[in-house]
Amino acid sequence: FLRGLPPPTTPYHCDSIPAAMLAVKRAFEGRSSAAEEPPPKPTTTRGGLQVRFTAKLTEALELVSRSPRGLLAAATIGGSVTFVDGSDLSLLGATEELHEDPPNAVAWAAGGETLLLAGEDGIARVVSVASRSVVRSHAVREEPEAGKRPRCHPVSRLAVLGDGAFEFSASFVAAAGRVAHCYRLSDGTLEHVCELTSPVHALCAAPRGEPLHWAYALAVKGCVRLVSRAGATVHELQIGSVVRSLASSGQWLAAAEYDGTLKLWGLSPVTSPLTLRGYCGTDGKDVQWSADGGGLAASGSQAVVFDFTGAQPPHPYRSQPWRPAAGKPDSVPRVCIGHRAAAVAWAGGEVAPPPTDEWPPDPATPPVRLATVDPQGLVRVWQPRSLPLRKGGQGNPTQPQLMKPQLYTFVRQDATHPSGEAAEPCALLWLAEDTVAVGYASGEIVAFQVT
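Not measured: the values here are computed from a predicted model.

**Structural notes on the pattern of salt bridges**
Thinking step 1. Applying the stated criterion across every chain yields a total of 13 salt bridges.
Thinking step 2. With a shortest N-O distance of 3.1 Å, R184 and D187 are connected by a salt bridge.
Thinking step 3. Here D187 falls in the partly exposed class, since its relative accessible area comes to 42%.
Thinking step 4. R229 is paired through a salt bridge with E191; the nearest N and O atoms lie 4.0 Å apart. Here E191 lies in strand 13 (residues 190–195) and R229 lies in the loop between strand 16 (223–227) and strand 17 (233–238), a separation of 38 residues in the sequence.
Thinking step 5. Note on R229: relative accessible area 30%, which makes it partly exposed.
Thinking step 6. Look at E191 and you get partly exposed, because its relative accessible area is 30%.

**Concerning the sheet that holds strand 13**
Thinking step 1. Spatially, the four strands line up as an open sheet ordered 10-11-12-13, and their pairing is antiparallel. Each having just a single partner strand, strand 10 (155–161) and strand 13 make up the two edges of the open sheet. Looking at each pair of strands side by side, their axes are set apart by 15° on average, direction ignored.
Thinking step 2. Inspection of the sheet shows strand 10 paired to strand 11 (residues 171–176) by six bridges, in the antiparallel sense.

**Side note on the packing of aromatic side chains**
The geometry of an aromatic ring pair is captured by the separation of the ring centres together with the interplanar angle, meaning the angle of the planes.
Thinking step 1. In the structure shown here, the tally under the stated rule is four aromatic pairs.
Thinking step 2. Taken together, the ring pairs in this structure connect W252, W289 and F308 into an aromatic cluster.

**Let's talk about the pairing of strand 4 (residues 81–85)**
Thinking step 1. Of all the five residues making up strand 4, four are buried; the element is thus mostly covered by neighbouring parts of the structure.
Thinking step 2. The sheet contact formed by strand 3 (residues 71–76) and strand 4 spans five bridges and is antiparallel. Bridging across to strand 4, A75 finds its partner in V81.
Thinking step 3. Sheet topology note: the strand 4/strand 5 (residues 91–94) ladder contains three bridges and is antiparallel. The residue bridging T82 from the neighbouring strand is A94, located in strand 5.
Thinking step 4. Connecting the antiparallel pair strand 4 and strand 5 is a turn made up of five residues, with L89 showing a positive phi of about 60°.

**A few points about a negative patch on the surface**
Thinking step 1. Negative charge collects at one region of the surface, where E97, E100, D101 and E120 lie side by side.
Thinking step 2. The exposure class assigned to D101 is partly exposed, which follows from its relative accessible area of 31%.

**Looking at the pairing of strand 18 (residues 243–248)**
Thinking step 1. Across the six residues of strand 18, five count as buried, placing the element largely inside the fold.
Thinking step 2. Here five bridges tie strand 18 to strand 19 (residues 252–257), and the two strands are oriented antiparallel to one another. Looking across to strand 19, one finds that S248 is bridged to L253.
Thinking step 3. Count of turn residues in the strand 18/strand 19 antiparallel hairpin: three residues, of which G250 carries a positive phi of about 95°.

**Focus: the environment of W265**
Thinking step 1. Checked against the element boundaries, W265 lands in strand 20 (residues 262–266).
Thinking step 2. When the C-alpha atoms of W265 and L253 are compared, they prove to be 5.3 Å apart, with twelve residues separating the residues in sequence.
Thinking step 3. The residues touching W265, leaving out its near neighbours within four places in the chain, are V224, L237, Q238, I239, Q251, W252, L253, A255, T271, S272 and P273.

**A closer look at the sheet that holds strand 31 (residues 413–415)**
Thinking step 1. Taken together, the four strands give an open sheet; going across it, the order is 26-27-28-31, and neighbouring strands pair in antiparallel fashion. Both edges of this open sheet fall to strand 26 (343–346) and strand 31, since each of them pairs with a single strand only. Between one strand and the next, the sheet's axes are offset by a mean angle of 15°, whatever the strand orientation.
Thinking step 2. Pairing geometry for strand 28 (residues 379–382) and strand 31, over three bridges, is antiparallel. Each residue of the ladder has a partner; that of V381, found in strand 31, is Q413.

**What to know about the side chain of T261**
Thinking step 1. By the secondary structure assignment, T261 is in the loop between strand 19 and strand 20.
Thinking step 2. For T261, the residues in contact, after removing those within four places along its chain, are A255, A256, T275, L276 and R277.

**With respect to unusual backbone geometry**
Thinking step 1. Residues L387 and P388 are joined by a peptide bond in cis, for which omega reads 5°.
Thinking step 2. Following the sequence through the fold, P388 ends up in the loop between strand 28 and strand 29 (390–394).
Thinking step 3. At R132, a residue that is not glycine, the phi angle is positive and equals roughly 55°.
Thinking step 4. Note that R132 resides in the loop between strand 8 (123–128) and strand 9 (133–139).
Thinking step 5. Under the relative-accessibility criterion, R132 is labelled partly exposed at 34%.

**Focus on the side chain of S248**
Thinking step 1. Take S248: it is sitting in strand 18.
Thinking step 2. Owing to a relative accessible area of 8%, S248 belongs among the buried residues under this scheme.
Thinking step 3. Among the polar contacts made by the side chain of S248, one reaches the main-chain amide nitrogen of G250 at a distance of 3.2 Å.
Thinking step 4. For S248, the side chain forms a polar contact with the main-chain oxygen of W252, separated by 3.3 Å.

**Description of the state of the cysteines**
Structurally, a disulfide amounts to a covalent bond that connects the sulfur atoms of two cysteines.
Thinking step 1. Under the definition given, this model contains zero disulfides.
Thinking step 2. With no disulfide of its own, C182 lies 8.4 Å from the sulfur of C194, the closest cysteine sulfur.
Thinking step 3. The exposure class of C182 is buried, given its relative accessible area of 0%.
Thinking step 4. C280 forms no disulfide, and the closest cysteine sulfur to it belongs to C336, at a distance of 8.5 Å.
Thinking step 5. Judged by its relative accessible area of 6%, C280 falls in the buried class.

Quick notes on the rules
- Within each chain, residues carry numbers counting from 1 in the order of the written sequence.
- Residues qualify for local features only when their pLDDT is at least 70, as the model is predicted, and side-chain atom pairs are given and counted only at 80 or more; totals for whole chains, interfaces and linings, by contrast, use all residues.
- For side-chain calculations, the full set of non-hydrogen atoms in the structure is used, while hydrogens and water are omitted.
- Salt bridge, as used here: a side-chain nitrogen of Lys or Arg that lies within 4 Å of a carboxyl oxygen of Asp or Glu.
- Burial status follows relative accessibility: with a 1.4 Å probe on protein chains alone, a residue under 20% of its type maximum counts as buried, one over 50% as exposed, and anything between as partly exposed.
- Secondary structure counts use DSSP, requiring at least four H or I residues in a row for a helix and at least two E residues in a row for a strand, with both numbered from the N terminus.
- Pairing between strands is defined by DSSP: at least two bridges between the two strands are required.
- Each axis is a line fitted through C-alpha atoms, and for a helix only the stretch in contact is used; angles between axes span 0 to 180 degrees, taken between their N-to-C directions.
- In this scheme Phe, Tyr and Trp rings, the latter by its six-membered ring, pair at centre separations within 6.5 Å, and the angle between planes marks the pair as stacked below 30 degrees, edge-to-face above 60, and tilted otherwise.
- Patches here are clusters of residues that have more than 30% relative accessible area and form no salt bridge, with a 9 Å joining cutoff for like charges and a 5 Å cutoff for nonpolar side chains (Val, Leu, Ile, Met, Phe, Trp, Tyr).
- Computed with the Shrake-Rupley method and a 1.4 Å probe, the accessible areas treat only the protein chains shown as cover for residues.
- Note that His is not counted, nor are the chain ends; the positive residues are Lys and Arg, and the negative ones are Asp and Glu.
- Every charge is mapped onto a representative atom, which is NZ of Lys, CZ of Arg, CG of Asp or CD of Glu.
- It only takes one pair of heavy atoms within 4.5 Å for two residues to be counted as in contact.
- Counted as a polar contact is a pair of N or O atoms within 3.5 Å, where, for protein atoms, one must be capable of donating a hydrogen and the other of accepting one, and residues adjacent in sequence contribute only when both atoms are in side chains.
- Cysteine sulfur atoms that come within 2.5 Å of each other are treated as a disulfide pair.

Here you go:
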């Protein structure tokens, strides 16, 4: 430095590469990277979750996904993917940098031998787990207008279509802007193209193994389309608001809107939509079915769960006489009271609803656990389909006819990041029936034992 002049200072000092890359990411997202007051330490309510395994990556994490066989793919902010053993979080190796930006989404083929990445550059990449390299790249672009270059939109969503555990029979759909392409996984053949009049806001595949007349659903402005394996629109479900996420149980299709409203269509056959509201700040970002199809959970200021088993407890705001409707949604929401939920995840894996003659799930089966994580990295475990449930609601209790009824469910176990400090989460997933894991943007994956 020049003699007599102090060394230059920087607005943000990073002691590690992950911290530096995280600061850059936050700057591009509009979040300040200057020194700020540290957030308050998160506080547990019940405790009880014990750290079981921990993995530490050398780069900041963007997202983590689990394959049907238990392998984890951890996508870093640097554009590479690290494969992690889901049984003990041991690191198995990483790909080279696949792109300068991290993927917008990832999806696993049914056999767990192929990983799909949605690229910011408009490319859908097919990665072989065995070779840890890209085996095919697909440009998902609209047909260009005459005399103009093709528009390039980020690939924002992926969905894998298949007939079970055989990858040679599977295909995948990648959506970018106003187009969705369907490719065969085995050889990369383009099977069909869906050209749309507005961008795709949400995408989901039909549950695997379900003999449905549609293969996937995509949400665009004004409607949700059910599309066949051949690319034909078999149903167009009208909706008035913008859909943020979609999820199907086989029996039902749920669409979560930005304002927190949940729209629900029966699929056997397709029915007029039902409207569900939690009245608890639902944001529509994350909506998931339990593996047996008996519960629907959504993220927000507080997580909300709707029950489909028919095990519906008495409630003072129900019309009388009242009987449980097995297989139909209980309109009274079950609110995970008092805690913000940035993400939700059910134990039990992917949706695998029982056959129609065994629907709905038996309410006497063991309780299903739900995990949530808040923006400070505090993970909680709930049993929202089990007692105790406290009667509650929004409004004036002296005017019950005007109340917005709710049932309150309570946290069973919780834990902070092992440091005890606030830590931004980027993923929430179950590794086993008794193990829930959180991926932290700082580059750590922490597995907690649930008892």
